[in-house]
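As a plain string of letters, each chain reads:
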Amino acid sequence: MIPYARHEVTEEDIAAVVEVLRSDRLTQGPVVERFEAALCEATRARYAVAVSSGTAALEAIFHGLDRRGAEVVMPAMTFPATANAALWAGWRLVFADIERETACLSARCAERLCGPQTAALLAMDYAGHPAAWHELHRIARPRGLVLIADACHSLGAVLDGLKVGEYADIAALSFHAAKVITTGEGGAVVTSNALWAECARRFRDQGYARGAEVAAGPGRHHGEQWVLGHNYRMTEMQAALGLAQLRRLPQILERRRQIAARYSEHLAPVEGLVLPREREGARSAWHLYAVRYPWAQCECPGLTRERAMGLVREAGVETQIHYAPVYQHPYYRLHVGAGPEWDAIRETEGHYRECLTLPLYPSMTDADVDFVAHALIKIIDGGK
Ligand SMILES: *Cc1c(COP(=O)(O)O)cnc(C)c1O
């Protein structure tokens, strides 16, 4: 079976983790600090705070902004973790639509939904492609809104020369095994705002403040708890794996780009199939290759997406759907309440109906890519 995603762990990665296991520090130590410095370099943010997952990073962001009761405008075309994190920190959600071209937050729709209670805009760099950050800046700046990037797909993406740590005010990264680089589980907050970085550092560590200014006070040698935090720390083993993976980031991105290009070459002639493309000035991290097809509508009346997924699976290929809109999940229907108005979900619903994610991971061979593409073509042609 060709899986839709697969981590890549080299002998150097393994050696780096083993070295840490032989050292006298296993969690939140010097290797985590080195990983954070490397993340600053890779994202061009001034500060990076490594945490235990991408979800923890999002939660640290929303908690650190400290705007309980305020609204955040975000897309529903995302993994529920994005919305869950805001809810945990007491924010109110306003779901906005996506752009057809990139499946990222629609700036036009977001602007329409901004109101007096709005304190932040969150965009998710879907599949690794940067959202319309220039337009989002134009909306956020005059209103004093914070721009949050869910960059869990987009480590390594570039927008007009800007990297993930520069094009939003604060960003969350994920190092889950399926993502661009992995630490098994893991994540990071990246920002150039010193205060928000410190908030994230405290939040991951039970709300403790550490460091020179705290230790200097009388009786304060052990630090003090200032906010209600969690244990969201990263281990040294995770950081060692992350550091080793990050060194290969350029090669990983290049291989992902090649695979995407090869898919596009094969699939371009298929009528009705919409392929992911980079917008001018944007370089995707190519975390996912998600196509759109009007299943069961035009030429293939009997070919539903579920049937197509079943047929490619029989051929040995695993595909995925990214994503069911957040408001459709039972928890959201039952406990968060009324879904958004139609104008705010038209493209979201369309994308959900039509999307299909094909396998993409650096260790895929060209032959694997050809095999997947031909399996899909055969099924679409067979359905006609
Ligand atoms: C993976 C992911 C997350 C959560 O990251 P974890 O590391 O799995 O907690 C959040 N948002 C998006 C868009 C993701 O893809």
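Residues numbered from 1 in each chain as written. Predicted model: local features only at pLDDT ≥ 70, side-chain atom pairs only at ≥ 80, totals over all residues. Heavy atoms only, no water.

### Things to note about a nonpolar patch on the surface
Worth spelling out the cut-off: By definition, no residue in a patch forms a salt bridge, and every one has over 30% relative accessible area; like charges are joined within 9 Å, nonpolar side chains (Val, Leu, Ile, Met, Phe, Trp, Tyr) within 5 Å. Each accessible area is a Shrake-Rupley result for a 1.4 Å probe, and residues are judged covered by the shown protein chains and nothing else. Just to be clear on terms, a salt bridge is a Lys or Arg side-chain nitrogen sitting within 4 Å of an Asp or Glu carboxyl oxygen. Buried residues are those whose accessible area, probed at 1.4 Å on protein chains only, stays under 20% of the maximum for their type, while exposed residues exceed 50% and partly exposed ones sit between those limits.
Judged by side-chain polarity, Val-9, Ile-14, Val-18, Leu-21 and Leu-26 come together as a nonpolar surface patch covering roughly 380 Å² of accessible area. Judged by its relative accessible area of 30%, Val-18 is partly exposed.

### Description of the site of the ligand
Our working rule: Neighbouring residues are identified by heavy atoms, a residue being near a molecule or strand if any of them is within 4 Å of it. Nitrogen and oxygen atoms within 3.5 Å of one another constitute a polar contact, given that in protein one can donate a hydrogen and the other can accept it, and given that sequence-neighbouring residues count only through two side-chain atoms. A pocket here means an open set of points on a 1 Å grid, computed over the protein atoms alone, that has protein on both sides within 12 Å along at least five of seven lines. A cavity is instead a set of points where a 1.4 Å probe fits but cannot get out; residues with an atom within 4 Å of a point line either one. In this description, a molecule resides in a pocket or cavity if more than half of its atoms sit within 2 Å of the grid points defining it. Numbered from the N terminus, helices here are DSSP runs of H or I no shorter than four residues, and strands are runs of E no shorter than two.
The immediate surroundings of the ligand are formed by 17 residues, with Gly-54, Thr-55, His-153, Ser-174 and Lys-179 found nearest. Between the ligand and Thr-55, the relevant distance is 2.5 Å, taken from an oxygen atom to a side-chain nitrogen or oxygen of the residue. A majority-of-atoms criterion places the ligand in the second largest pocket. Secondary structure elements with two or more residues in the shell around the ligand: helix H3 (54–65) and helix H4 (80–88). Residue contributions to the shell around the ligand peak at three residues, all from H3.

### Observations regarding the domain arrangement of the protein chain
In plain terms, the rule: As annotated, the domain borders come from an automatic or database domain assignment. By definition, the buried area sums, over both parts, the 1.4 Å-probe accessible area that each loses when the two are put together.
In terms of domain boundaries, the protein chain breaks down into domain 1 (11–246) and domain 2 (249–380). The gap between the C-alpha centroids of domain 1 and domain 2 is 26 Å. Summed over both sides, the interface of domain 1 with domain 2 buries roughly 3,200 Å², with 58% coming from carbon and sulfur. If you look at where domain 1 meets domain 2, you find four salt bridges. In this structure, Glu-101 and Arg-279 form a salt bridge, with 3.0 Å as the shortest nitrogen-oxygen distance. At the junction of domain 1 and domain 2, the tally comes to 22 residue pairs in polar contact (both at pLDDT 80 or more).

### Some details on the pattern of salt bridges
Per the stated rule, a full pass over the model turns up 21 salt bridges. Among the ionic pairs, Arg-44 bridges to Glu-166, the shortest N-O distance being 2.9 Å. With Arg-44 in the loop between helix H2 (30–43) and strand S1 (47–51) and Glu-166 in helix H7 (residues 164–167), this pair connects stretches of sequence that are 122 residues apart. Of the residues examined, Glu-166 reaches a relative accessible area of 28% and is grouped as partly exposed. One salt bridge in this structure joins Arg-255 and Asp-366, with 3.0 Å as the shortest N-O distance. Pair noted here: Arg-255 is in helix H11 (residues 249–267) and Asp-366 is in helix H15 (residues 366–383), with a separation of 111 residues, a long-range link. Here Arg-255 falls in the buried class, since its relative accessible area comes to 18%. Among the charged side chains, a salt-bridge network with shared partners connects Arg-255, Arg-262, Asp-366 and Asp-370.

### Some points on unusual backbone geometry
In this chain, His-322 is followed by Tyr-323 through a cis amide linkage whose omega measures 0°. Relative to the helices and strands, Tyr-323 is located in the loop between helix H12 (305–314) and helix H13 (330–336). Phi is positive for Ala-127, which is not a glycine, with a value near 65°. Structurally, Ala-127 can be placed in the loop between strand S4 (118–124) and helix H6 (133–143). The residue Gln-206 is not glycine, and still its phi comes out positive at about 65°. Among the secondary structure elements, Gln-206 is positioned in the loop between helix H8 (194–203) and strand S10 (208–209). Look at Gln-206 and you get partly exposed, because its relative accessible area is 35%.

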